[in-house]
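# Inside the fold
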Amino acid sequence: MSALAATALALCLASGPALAAKPDKAASVADAASASRKATPQERAQIKGLDPLARAAFWTREASNDPADAEAGLQLSQALRQMGNYPDAIVAAQKVALAQPRNIEAKLEIARAHIGRGQGFYAIEPAREAQALAPRDWRIPSLLGVAYEQAQRPDEALAAHRLALSLAPENPSAISNLALYHAAHGDAAQAETMLRQAAAKPDAPIVVRQNLALVLGLQGRLAEAERLARQDLPPETVDNNMAWLRGATSAPAASGRSWEGVRAAQP
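What you see is a predicted model, and the numbers here were worked out from it, not measured in a lab.

## Some points on the overall build of the protein chain
- A tally of helices and strands in the protein chain yields 16 helices and zero strands.
- Taking all 267 residues of the protein chain together, the buried fraction comes to 48%.
- Within the protein chain, contacts between residues separated by at least 24 positions form 55% of all contacts whose residues are at least 6 apart in sequence.

Shown next, in the form of structure tokens:
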């Protein structure tokens, strides 16, 4: 994978960290997951606040209760992917895609899981199939950009990221993904400018600010990077990330790694 490419994954693959659920909510959702009946829409909404392991257990039960339930299959795939179980995530999404060949979200989940395991080449075909069905959906070329990066096809990656931004010029994730492409190809100044623009958007996800912190840190501006990181991440995570950044900036050979790689190495 080229430099910083893995960091872009968070923008394409994840919707952010799961929120901590209150014990009573967790218990009620667990009760629904253990029942043989199909969960109600309210119970399904409650599960979104739980961690990936709990969500995987819930959606496994839902998918078992109704194998034709596309929502259950896709949510199970997402939870498994967020746990790092990419092979099973692919299988869960493929079941939906086989039953519903025009299901765009199933194709995107397959692509995300392939990218998550570092095999972007295999994400290209399902992402292109999704693009044929929804040519105006900015998420698809943005995902393709990361897949092309992993497949070492930089010209196609740049074209895909530019297409995503043309479809959603104000979207902070689309801006951030193109910025990370520039950072990966040696233009840290352009990347920083774009990431500051993205981070200033009211709907910017946490990962955009963390990508800005990454780019600042890899330029040696560690104090500024740390201030940004501490806005959103727990102290122990920041400490680990900053330790890695100090090592990366003092060892040029390590600078091709990404912040996302640090997160992947943590429990």
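## So, unusual backbone geometry
- Of note, the phi angle at Gln152 is positive, near 60°, even though the residue is not glycine.
- Structurally, the position occupied by Gln152 is in the loop between helix 9 (139-150) and helix 10 (154-167).

## Points about the packing of helix 5 (residues 70-82) against helix 7 (residues 104-116)
- Two elements in contact, helix 5 and helix 7, have axes whose closest approach is 10 Å; the angle formed by their N-to-C orientations is 15°. Taken together, helix 5 and helix 7 sit at an angle that is classed as roughly parallel. In terms of crossing hand, the pair formed by helix 5 and helix 7 is left-handed. From helix 5, Leu74, Ser77, Gln78 and Arg81 reach across to helix 7, where they touch Glu105, Ala106, Glu109, Arg112 and Ala113.
- Of the residues that constitute the contact of helix 5 with helix 7, the class distribution is three nonpolar, two polar and four charged.

## Details of helix 4 (residues 52-65)
- With 14 residues, helix 4 should cover 20 Å at 1.5 Å per step; its first-to-last C-alpha distance of 20 Å lies within 8% of that length.
- For helix 4, the complete set of buried residues consists of Pro52, Arg55, Ala56, Phe58, Trp59, Glu62 and Ala63. In an axial view of helix 4, the angular spread of the buried residues amounts to 170°, which keeps them on one side of the axis. Seen from the open side of helix 4, the exposed residues pointing more than 90 degrees away from its buried face are Leu53 and Ser64.
- One side-chain oxygen at the N-terminal end of helix 4 lies 3.0 Å from the backbone nitrogen of Leu53; it belongs to Asp51.

## Remarks on the pattern of salt bridges
- In the structure shown here, the tally under the stated rule is 22 salt bridges.
- When the shortest N-O distance is used, the salt bridge between Lys38 and Asp66 registers 3.4 Å. Here the residue Lys38 occupies a position in the loop between helix 2 (23-34) and helix 3 (41-47), and Asp66 occupies one in the loop between helix 4 and helix 5, the gap between them amounting to 28 residues.
- Relative accessible area serves as the criterion here: at 43%, Lys38 is assigned to the partly exposed category.
- Under the relative-accessibility criterion, Asp66 is labelled partly exposed at 25%.

## Details of the packing of helix 9 against helix 10
- Contact geometry of helix 9 with helix 10 gives a least axis separation of 7 Å together with a crossing angle of 165°. Between helix 9 and helix 10, the crossing angle belongs to the class labelled roughly antiparallel. By crossing handedness, the relation of helix 9 to helix 10 is classed as left-handed. Contact with helix 9, carried on its side by Pro141, Ser142, Leu144, Gly145, Val146, Tyr148 and Glu149, involves Pro154, Glu156, Ala157, Ala160, His161, Leu163, Ala164 and Leu167 of helix 10 and no other residues of that element.
- When its residues are assigned to classes, the contact of helix 9 with helix 10 shows 10 nonpolar, three polar and two charged.

## Points about helix 15 (residues 235-250)
- The terminal C-alpha atoms of helix 15, which comprises 16 residues, lie 22 Å apart, in line with the 22 Å expected from a rise of 1.5 Å per residue.
- Within the span of helix 15, buried status applies to Thr237, Val238, Asn241, Met242, Trp244, Leu245 and Ala248. Seen along its axis, helix 15 keeps its buried residues to an arc of 160°; they face one direction. Across from the buried face of helix 15, at angles greater than 90 degrees, the exposed residues are Pro235, Glu236 and Ser250.

Conventions we followed
Residues numbered from 1 in each chain as written. Predicted model: local features only at pLDDT ≥ 70, side-chain atom pairs only at ≥ 80, totals over all residues. Heavy atoms only, no water. Helix = DSSP H or I, 4+ residues; strand = E, 2+ residues; numbered from the N terminus. Buried < 20%, exposed > 50% of the residue type's maximum accessible area, 1.4 Å probe, protein only. Contact = heavy atoms within 4.5 Å. Axes fitted to C-alpha atoms, helices over the stretch in contact; angles between N-to-C directions. Parallel < 35°, antiparallel > 145°, perpendicular 65-115°, else oblique. Left-handed = near helix turned anticlockwise from the far one by under 90°. Nonpolar A, V, L, I, M, F, W, Y, C, P; charged D, E, K, R; others polar. Expected span 1.5 Å × (residues − 1). Arc of directions from axis to C-beta. Polar contact = N/O pair within 3.5 Å; in protein donor to acceptor, adjacent residues only side chain to side chain. Salt bridge = Lys/Arg side-chain N within 4 Å of Asp/Glu carboxyl O.

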